[in-house]
Amino acid sequence: MSLSVVEIMEAMENGKFSAAVQALKEEDQRDPEVLAMLGQAYYSMGRFEEAYHTLSKLYYGDDVDVERMGVDRKAYHPLCKKIYKILSNLSIDNMTKHLPRQMDNTYPQSVESADEKYEECDEFQKFLEDCMEKTGQNMEEVTKLLNDEILSLLKSDERKKMAKAWFYKAELAFRRKDYLTASQLYSKAANAEVSKALYYGFAGHMLMRLQKTQPAYLGIASVFMNRAIALDGNNAKWHLNEAMILISLSQILGDKNEADQSMLKAAKEQIEAAEAVLRPDQASVKDHIIMIQNKLMQVMK
C-alpha cells in the first residue's frame, strides 16, 4: 500500500480525497475495508457514479472477500450503507445508465476565453445571426433554417456533426431558459462526441441552475461536472462549478441542519485545483474563486 490505512484516513480527514482515492485504487479490490473507504472518498468528492458502483460491489458484488467483514454483509459498515441508500434515492444508477463508459483523456478540448465564452457558442451565435439576416428577422423562417441545419447535421455519419446538432438544440433550449431540456440535449451531444468535456460541463451547469426548485438534480450535476474534470482538468471553470455543487450538497446531505464537512473539504480541494490551472486573463473566474473561498471560510469548521 502506497499509504498506510492510517495515512489514508488522515488524508480523507484533511480533505485530500484525490490522494486517498489514488492509494486505494492500487489496493486489493476484494478487501471490503478498501471498498468502504474508496466508496466514502468518492462520495465526499461528489463522484457519485464511482461511489455507487464501488458500494454496489461492496454489498452485492461476487468478487468480494465477505469473510473479512466479520458481520453479516447487509449490516457491514452502517455509514457506507447510509451513503448507498442516499445514492439510490438520488437515482444515480438510472440517471447515468445512458452515459458513455469509455472516454479519451487525450481528446482535444475547448478553451474558455477570458470573457467566459467558447468557440462553439460563438459559432452558434454567428449562425443564428446569419439566419436572422437572411430572413429579415422573420422568426418563422429563422426557425425553419435552424431546423433544416440541425436535421442535416443529425443525418450525418460523423459523430462530431451529430454532437453539433444536439449542441445547437441545447443552446436554443438554454435561451428559452428550459434548463432541464437543455441539460438533456447537452448530454445527447456528449453521447455523440463522448470525450468532449464542454458538453458534460454544460449539462451539469444547466442542472445547477435548477437547484432552488429541484435540488435533487445536483447529484447528477456533480456526475457531469466530474466527467468534465476527468477529460479537461485544466479548465478552472469545471473545478469551480464542482466546488459550488459540493457546497450546496453539503447542506442538503448533511445531518440535522449540519453541513457535511467532508464535502466542504472536497469543495476546498476543487477550489485549490481551480486556482492551480487559472490563467492570468481569467479575471472573472478569479473573482468567483475568491467568493467561494470566502464562503468556505464561513461554513467550514
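No experiment lies behind these values; they were computed from the predicted model shown.

Considerations on the overall build of the protein
Looking only at helices and strands, the protein has 15 helices and zero strands in total. Computed over the C-alpha atoms, the radius of gyration of the protein is 21 Å, within 12% of the 19 Å expected from 2.2 N^0.38 for a compact globule of 301 residues. Taken across its 301 residues, the protein has 48% of its residues classed as buried. Restricting the contact set of the protein to residue pairs at least 6 apart, pairs at least 24 apart contribute 62%. For the protein, the exposed surface amounts to about 15400 Å²; the carbon and sulfur share of it is 51%. Treating the 39 positive side-chain charges of the protein as one cloud and the 46 negative ones as another, the clouds have centres 4 Å apart.

Topic: the nonpolar core
Tyr43, Phe48, Leu58 and Trp238 are the most contacted members of the largest nonpolar core, which has 98 residues in total. If near-sequence neighbours (up to four positions away) are discounted, Leu58 is found in contact with Pro32, Leu35, Ala36, Val64, Met69, Arg73, Tyr76 and Cys80.

Re the packing of helix H1 (residues 5–13) against helix H2 (residues 17–25)
The contact between H1 and H2 brings their axes to 7 Å, and the two run at 150 degrees. By the angle class used here, H1 and H2 are roughly antiparallel. As H1 runs across H2, the sense of the crossing is left-handed. Taking contact as the criterion, the partners of Ile8, Ala11 and Met12 in H1 are, on H2, Phe17, Ala20, Ala23 and Leu24. Tallied by class, the residues present in the contact of H1 with H2 amount to seven nonpolar, no polar and no charged.

Thoughts on helix H8 (residues 139–154)
With 16 residues, H8 extends 22 Å from end C-alpha to end C-alpha; this agrees with the ideal 22 Å at 1.5 Å per step. Those residues of H8 that sit buried are Val142, Leu146, Ile150 and Leu153. Seen end-on, H8 carries its buried residues on one side only, within an arc spanning 65 degrees. In this fold, the buried residues of H8 make contact with helix H7 (119–135) and helix H9 (159–175). The opening residue of H8, the one whose side-chain oxygen lies 3.1 Å from the backbone nitrogen of Glu140, is Asn138.

What about the packing of aromatic side chains?
Throughout the structure, instances matching the rule amount to 13 aromatic pairs. Between Phe127 and Tyr168, the ring centres sit 5.7 Å apart and the planes meet at 20 degrees, which makes this aromatic pair stacked. Within this pair, whereas Phe127 is found in helix H7, its partner Tyr168 is found in helix H9, the two being separated by 41 residues in sequence. Like Tyr168, Phe127 is buried. Ring geometry for Phe167 versus Tyr199: centroids 5.8 Å apart, planes at 45 degrees, classification tilted. Taken together, the residues Phe167 in helix H9 and Tyr199 in helix H11 (residues 197–208) connect sequence positions 32 residues apart. The same class applies to Phe167 and to Tyr199, which are both buried. Sitting above the plane of the Tyr59 ring, Lys81 keeps its charged end 4.3 Å from the centroid. Taking NZ or CZ as reference, Lys196 lies 5.7 Å from the ring centre of Tyr199, over its face.

Let's talk about the packing of helix H4 (residues 48–60) against helix H5 (residues 78–89)
How two helices pack is summed up by the angle between their axes together with the distance between the axes. In contact at an axis separation of 10 Å, H4 and H5 are set at 125 degrees when each is read in the N-to-C sense. Put simply, H4 runs oblique to H5. The two elements H4 and H5 meet at a crossing, and its hand is left-handed. Within the contact between the two elements, H4 uses Phe48, Ala51, Tyr52, Leu55, Ser56, Leu58, Tyr59 and Tyr60 and H5 uses Cys80, Lys81, Ile83, Tyr84, Leu87 and Ser88.

Describing H1
For H1, the set of buried residues is Ile8, Ala11 and Met12. Projected down its long axis, H1 carries its buried residues within an arc of 95 degrees, all on one side. Of the exposed residues in H1, those oriented more than 90 degrees away from the buried face are Val6 and Glu13. For H1, the elements touching its buried residues are H2 and helix H3 (32–44).

What to know about the confidence of the model for the protein
Within the protein, residue pLDDT values average 93, and 99% of them lie at 70 or more. The least confident element of the protein, judged by mean pLDDT, is H1 at 88; the most confident is H11 at 98.

With respect to unusual backbone geometry
Look at His77: it is not a glycine, yet its phi comes out positive at around 50 degrees. Of note, His77 is situated in the loop between H4 and H5.

Scoring rules and cut-offs
- Residues numbered from 1 in each chain as written.
- Predicted model: local features only at pLDDT ≥ 70, side-chain atom pairs only at ≥ 80, totals over all residues.
- Heavy atoms only, no water.
- Helix = DSSP H or I, 4+ residues; strand = E, 2+ residues; numbered from the N terminus.
- Rg over C-alpha atoms; globule rule 2.2 N^0.38 Å.
- Buried < 20%, exposed > 50% of the residue type's maximum accessible area, 1.4 Å probe, protein only.
- Contact = heavy atoms within 4.5 Å.
- Areas by Shrake-Rupley, 256 points an atom, 1.4 Å probe, with all protein chains shown as cover.
- Lys, Arg positive; Asp, Glu negative; His and termini not counted.
- Charge placed at Lys NZ, Arg CZ, Asp CG, Glu CD.
- Core = buried A, V, L, I, M, F, W, Y, C linked by side-chain atoms within 4.5 Å.
- Axes fitted to C-alpha atoms, helices over the stretch in contact; angles between N-to-C directions.
- Parallel < 35°, antiparallel > 145°, perpendicular 65-115°, else oblique.
- Left-handed = near helix turned anticlockwise from the far one by under 90°.
- Nonpolar A, V, L, I, M, F, W, Y, C, P; charged D, E, K, R; others polar.
- Expected span 1.5 Å × (residues − 1).
- Arc of directions from axis to C-beta.
- Polar contact = N/O pair within 3.5 Å; in protein donor to acceptor, adjacent residues only side chain to side chain.
- Phe/Tyr/Trp six-rings, centres within 6.5 Å; stacked < 30°, edge-to-face > 60°.
- Lys NZ or Arg CZ within 6 Å of the ring centre and 35° of its normal.
- pLDDT = per-residue confidence, 0-100.

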